[in-house]
Amino acid sequence: MTAQLGGTVTPADGLTLTRVGYGAMQLAGPHVFGPPRDRARAVAVLRAAVEAGITHIDTADFYGPVVVNEIIREALHPYPEDLHIVTKVGARRGADGSWIVSRHPEDLKAQVYDNLRHLGVESLDVVNLRLGDMDTPNEDSVAAPFGALAELRERGLIRHLGLSAASAAQLDEARAIAPVVTVQNLYNLANRQDDALLARTAAERIAFVPYFPLGGFTPLQSKTLAKVAARLGASPQQVALAWLLRRSPNIALIPGTSSPDHLRENIAAASLELPRDAVAELDGIGAERPTGVPGA
């Protein structure tokens, strides 16, 4: 089964993730706010993901907010032993749906407790500290916020720690405080500013998890991608995911969908063979300035 999911990556003892995972963000309502239009289908998608063998689900208590974690609990609790739920802290949602940066150490601890309660667990598998502004990293010190999470790790409330929207310098600073098992950054065919960080994480046994692997709120578009996909008899989304899986063995994908059919299509991308000439064409997309580059 794992071969159909691109194999696995093991960034820490006891943490083996299928390289094709599932991102739960789209299970909330429009703009990741409020309840979904069809809660039963959201539950069904999660169950289908686990039945397919996926062991990596990405979430955050600020999706909804709260809504997505509660759906995960409804669909999957008690959780399979090999399932790893990776969550994020560092943001809150305003009453109007706005995204509010919230990285004060005491509030980060409160966010961890919120995740524990809404997921119905005593310890969180992985908690990523969200840095930057969605797709724009910064160089702020991570000592205070990451230190607060490391304290909760020492207390057993968190098993592993990661970073999201992080720079190389922030990774250095965090690793001096506690082990880092995941880096979750914007990365896809058209956004490869983190090539050096990707290579570094591969060398250091850190899972690199591209968010917005298909372009995010504004889907990735490229004439070259469409041409290659048509030639291979696959969808552009499948080709984009297959390229990422081929890019580096430490990449673990979390494409999101609220559709069981799209879930199956995403999983099928792991079995898509990319000929050498196709890879060469796809490698050139970063210089195309394609439309659909995410801006949020």
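What you see is a predicted model; the values in this text were computed from it and never measured. (Residues numbered from 1 in each chain as written. Predicted model: local features only at pLDDT ≥ 70, side-chain atom pairs only at ≥ 80, totals over all residues. Heavy atoms only, no water.)

Asks: An account of the sheet that holds strand β4 (residues 56-58) is needed here, citing residue identities and associated values.
Replies: Pairing is parallel in the open sheet, where seven strands are placed in the order β3-β4-β5-β8-β9-β10-β11. With partners counted over all chains shown, the strands left at the sheet margins are β3 (22-23) and β11 (207-211), one partner each. Examined bridge by bridge, strand β9 (residues 158-164) and strand β10 (residues 182-186) share three bridges and lie parallel to one another. Note that in β10 the partner of G162 across the bridge is T182. Across the face of the sheet, helix α3 (residues 105-119) comes into contact with β5 (84-89), β8 (124-130) and β9 while running at roughly 145 degrees to β5. (Pairing = 2+ DSSP bridges. Helix = DSSP H or I, 4+ residues; strand = E, 2+ residues; numbered from the N terminus. Contact = heavy atoms within 4.5 Å. Axes fitted to C-alpha atoms, helices over the stretch in contact; angles between N-to-C directions.)

Asks: Describe the side chain of T201, naming the residues involved and giving the relevant values.
Replies: Structurally, the position occupied by T201 is in helix α6 (residues 195-203). At 2.8 Å, the side chain of T201 and the backbone oxygen of L198 are in polar contact. Apart from the residues lying within four places of it in its own chain, the contact partners of T201 are L171, V183, I206, F208 and N250. (Polar contact = N/O pair within 3.5 Å; in protein donor to acceptor, adjacent residues only side chain to side chain.)

Asks: Now, about the layout of surface pockets: what can you tell me, with residues and values included?
Replies: Looking at the second largest pocket, its volume works out to about 240 Å³. Considering the residues around the second largest pocket, the lining is formed by 14 residues, among which L83, V121, S123, D125 and R159 are closest to the centre. Of all the secondary structure elements, the ones that give two or more residues to the lining of the second largest pocket are β5, β8 and β9. Taken together, the residues of the lining of the second largest pocket break down into seven nonpolar, four polar and three charged. (1 Å grid on protein atoms, 1.4 Å probe; cavity = no way out; pocket = protein on both sides within 12 Å on 5 of 7 lines; lining within 4 Å. Points joined across faces, edges and corners; volume = space filled by probe spheres on them. Nonpolar A, V, L, I, M, F, W, Y, C, P; charged D, E, K, R; others polar.)

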